[in-house]
Amino acid sequence: MQPLDTPVPPAPNGSELIYGLEDRPRPLVALLAALQHLLAIIVPIVTPALLICHALGVSPRDTNLIVSLSLIVSGIATYVQCRRFGPLGAGLLIVQGTSFNFVGPLIAGGALMVKEGTPVEGVMAAIFGVVIAGSFVEIGLSRILPFVKRLITPLVTGIVVLMIGLTLIKVGLISMGGGFGAMATGTFANGENLLLSGVVLAVIVVLNRIPLVWMRSGAIVIALGVGYALAGYLGRLDFTGMHQAALFQVPTPLRFGLGFSWSLFIPMLVIYLVTSLEAIGDVTATSKVSGQPVEGPVWMQRIKGGVLVNGVNSLLAGVFNTFPSSVFAQNNGVIQLTGIASRSLGTWIALMLVVLGLFPTVAGVIQAVPEPVLGGAAMVMFGAVAASGINILAGVDLDRRALLIIAVSLALGLGVNQVPEFLAHLPTALRNVLESGVATGGICALLLNWFLPQHTR
């Protein structure tokens, strides 16, 4: 089998690269390129942690800790993906960060546990226990990817990704209105909250229509900066988390203890499956823009290594009190923008993320942003998740069989998500699983795709 480090002739699409996979840019060039990657990923890395912690009522100090650890764990994963250690890593310029895919089920399941009287610390212990358990599923999948790809086709993946995006939109809309805290105080969706979220959303839309690539790629960061400044003018910045944070903090494993919940685990299991397949697509896309092969033994080694790091790093995330991570697609646009596919950039990006995470005051500054500002950006990102699901389905032959599977899966998934009372008379264990629209829709798509004959017209 050809080792990953064996030079491969550049593909036609990689002919315009300034620096190839094994080239080493000068330090200043590498620093500037790494900063562009950082700007593209830092908001998506911290947003899931902020949304989950806000929704579950996690204290400002613990939220600060979890956000900081999201940065550190993402930095470690990015370094391993790029550097490659044995079977670990794809050996490409890949960035990895906290995944949006898990936000909806964790908020829904965690909020149910809080409603039933479980202390927030117990909820977080259960969440991190489930994150650890689910990571072994992804680790195992990385070893049997050819079989999994036959079982979970693009049709199933597209439906689940679309379901994730559609169910997240409710989370984004609640954040735009001010979050659950604003609901409790009667200020939900008041004029000030709508102004903050609306300005951020409008800035993102406007910047994405400006014909400057660097401005489009930095639209979310710029919009959040505008929202941050407006929130400061309105006196809405809350620096409690920053004031309570230590200047420097070494990560502490299992700070919340360790628990488990089957009602959280089953929906997460479905999402771990889909996240593994998304990683295959993202690693393949990075191979393509880097002028590397997108089929054959080298490519298969890369995707196995990439999915394996997904699992191992989610295990690390659970142990160190944060949420699962996955391969990001944003860096492919930055590679095309800069013409730099050198995996040595991964060391720079990883170092920046880890340093930012080790100083909790940095997370405190990010944490100070009001939820409506975050919600304005989240709505765009969640809509993008749904759009990527549609994009996957667009590449599928939408015959009568496929349309039937899509129709039934979306109807049941969105139906139970909107009317969970429909499941009231089911056994508790089954009801807790199926109340997740993503789990219901995903399981339905998987079973129908498996059992319905392929060629029935």
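Model, not experiment: these values are computed from the prediction.

Digging into empty space enclosed by the protein
- Tallying each qualifying case throughout the model produces one cavity of 30 Å³ or more.
- Looking at the largest cavity, its volume works out to about 30 Å³.
- Along its surface, the largest cavity is lined by Leu 65, Ser 68, Leu 69, Ile 72, Gln 249, Val 250, Pro 251, Gly 357 and Pro 360.
- A class-by-class count of the residues in the lining of the largest cavity yields six nonpolar, three polar and no charged.

Some details on helix α12 (residues 262–289)
- In a regular helix each residue adds 1.5 Å, so 28 residues correspond to 40 Å; α12 covers 40 Å between its end C-alpha atoms and thus fits that length.
- Of all 28 residues in α12, 21 are buried; the element is thus mostly enclosed.

Here's the deal with the environment of Ser 261
- Following the sequence through the fold, Ser 261 ends up in the loop between α11 (240–244) and α12.
- For the pair formed by Ser 261 and Met 113, sequence separation is 148 residues and the distance between their alpha carbons is 9.4 Å.
- Those residues in contact with Ser 261 that lie beyond four places of it in its chain are Met 113, Ala 126 and Val 130.

A closer look at the packing of aromatic side chains
- Counted by the stated rule, this structure contains nine aromatic pairs.
- Judged by centre distance (5.9 Å) and plane angle (45 degrees), the ring pair of Tyr 79 and Phe 85 falls under tilted.
- The class of Tyr 79 is partly exposed, set by a relative accessible area of 31%.
- Between Phe 128 and Phe 323 the ring centres are 5.6 Å apart and the planes differ by 35 degrees, which places this aromatic pair in the tilted class.

Things to note about the layout of surface pockets
- Space inside the largest pocket adds up to approximately 1,600 Å³.
- Asp 282, Phe 328, Ala 329, Gln 330 and Ser 388 are, among the 46 residues lining the largest pocket, the residues nearest its centre.
- Among the secondary structure elements, those contributing two or more residues to the lining of the largest pocket are α1 (27–56), α6 (154–177), α9 (213–217), α10 (219–233), α12, β2 (325–327), α14 (330–338) and α17 (371–394).
- A total of eight residues in the lining of the largest pocket trace back to one element, the largest contributor, which is α12.
- Every residue lining the second largest pocket is counted, 29 residues in all, and those nearest its centre are Ile 107, Ala 108, Gly 109, Lys 170 and Asn 417.
- Contributing elements (two or more residues each) for the lining of the second largest pocket: α1, α3 (103–115), α6, α12, α18 (400–418) and α20 (437–451).

A look at the nonpolar core
- Membership of the largest hydrophobic core comes to 111 residues, with the highest contact counts inside it found for Ile 66, Met 124, Ile 127 and Phe 323.
- In terms of residue count, the dominant contributor to this core is α1 (17 residues).
- When residues no more than four places from it in sequence are discounted, the contact partners of Ile 66 are Ala 49, Cys 53, Val 58, Met 124, Phe 128, Phe 256, Asn 321, Thr 322 and Phe 323.

Some remarks on the pattern of salt bridges
- Enumeration according to the criterion identifies three salt bridges in this entry.
- Between Arg 343 and Glu 22 there is a salt bridge whose closest N-O contact spans 3.4 Å. Taken together, the positions of Arg 343 in the loop between α14 and α15 (345–358) and Glu 22 in the segment before α1 put the pair 321 residues apart, joining distant regions of the chain.
- When its relative accessible area of 14% is taken as the criterion, Arg 343 is described as buried.
- The closest approach of N and O atoms between Arg 255 and Asp 62, which form a salt bridge, is 2.6 Å. One end of the pair, Arg 255, is in the loop between α11 and α12; the other, Asp 62, is in helix α2 (residues 60–83), with 193 residues separating them in the sequence.

Observations concerning the confidence of the model for the protein
- A residue-level look at the protein finds 95% of positions with pLDDT of 70 or above and a mean pLDDT of 84.
- A low-confidence stretch, residues 1–15 stays under pLDDT 50, and its non-local contacts, those more than four residues away or across chains, total 25 contacts.

Considering unusual backbone geometry
- Even without glycine at this site, Arg 84 takes up a positive phi of about 65 degrees.
- Within the fold, Arg 84 resides in the loop between α2 and β1 (96–98).
- You will see that Leu 254, though not glycine, has its phi angle at about 50 degrees, which is positive.
- Looking at where Leu 254 falls in the secondary structure, it is placed in the loop between α11 and α12.

As for the packing of helix α4 (residues 120–141) against helix α13 (residues 297–319)
- Put simply, α4 and α13 touch, their axes get as near as 8 Å, and they point 165 degrees apart. Here α4 lies roughly antiparallel to α13, going by the angle between them. At the point where α4 passes α13, the crossing takes the left-handed sense. Here α4 contributes Phe 128, Val 131, Ile 132, Ser 135, Phe 136, Glu 138 and Ile 139 to the contact with α13, which in turn contributes Val 307, Leu 308, Asn 310, Gly 311, Val 312, Ser 314, Leu 315, Gly 318 and Val 319.
- Split by residue class, the contact of α4 with α13 holds 10 nonpolar, five polar and one charged.

Topic: the side chain of Thr 275
- By the secondary structure assignment, Thr 275 is in helix α12.
- When its relative accessible area of 1% is taken as the criterion, Thr 275 is described as buried.
- A polar atom in the side chain of Thr 275 sits 3.2 Å from the side chain of Asn 101.
- Separated by 2.7 Å, the side chain of Thr 275 and the backbone oxygen of Ile 271 make a polar contact.
- Apart from residues no more than four positions distant in its own chain, Thr 275 is found in contact with Asn 101, Phe 102, Glu 138, Asn 310 and Ser 326.

Notes on the environment of Val 250
- Its location among the elements puts Val 250 in the loop between α11 and α12.
- Residue classification places Val 250 among the exposed positions, given a relative accessible area of 57%.
- Val 250 sits 63 residues away from Asn 313 along the chain, and the two C-alpha atoms are 18 Å apart.

A look at the packing of α6 against α20
- Put simply, α6 and α20 touch, their axes get as near as 9 Å, and they point 165 degrees apart. By the angle class used here, α6 and α20 are roughly antiparallel. Crossing hand, α6 versus α20: right-handed. For the pair α6 and α20, the contacting residues are Leu 155, Val 156, Ile 159, Val 160, Met 163, Ile 164 and Thr 167 in the first and Gly 437, Val 438, Gly 441, Gly 442, Ala 445, Leu 446 and Asn 449 in the second.

Parameters and conventions
Residues numbered from 1 in each chain as written. Predicted model: local features only at pLDDT ≥ 70, side-chain atom pairs only at ≥ 80, totals over all residues. Heavy atoms only, no water. 1 Å grid on protein atoms, 1.4 Å probe; cavity = no way out; pocket = protein on both sides within 12 Å on 5 of 7 lines; lining within 4 Å. Points joined across faces, edges and corners; volume = space filled by probe spheres on them. Nonpolar A, V, L, I, M, F, W, Y, C, P; charged D, E, K, R; others polar. Helix = DSSP H or I, 4+ residues; strand = E, 2+ residues; numbered from the N terminus. Expected span 1.5 Å × (residues − 1). Buried < 20%, exposed > 50% of the residue type's maximum accessible area, 1.4 Å probe, protein only. Contact = heavy atoms within 4.5 Å. Phe/Tyr/Trp six-rings, centres within 6.5 Å; stacked < 30°, edge-to-face > 60°. Core = buried A, V, L, I, M, F, W, Y, C linked by side-chain atoms within 4.5 Å. Salt bridge = Lys/Arg side-chain N within 4 Å of Asp/Glu carboxyl O. pLDDT = per-residue confidence, 0-100. Axes fitted to C-alpha atoms, helices over the stretch in contact; angles between N-to-C directions. Parallel < 35°, antiparallel > 145°, perpendicular 65-115°, else oblique. Left-handed = near helix turned anticlockwise from the far one by under 90°. Polar contact = N/O pair within 3.5 Å; in protein donor to acceptor, adjacent residues only side chain to side chain.

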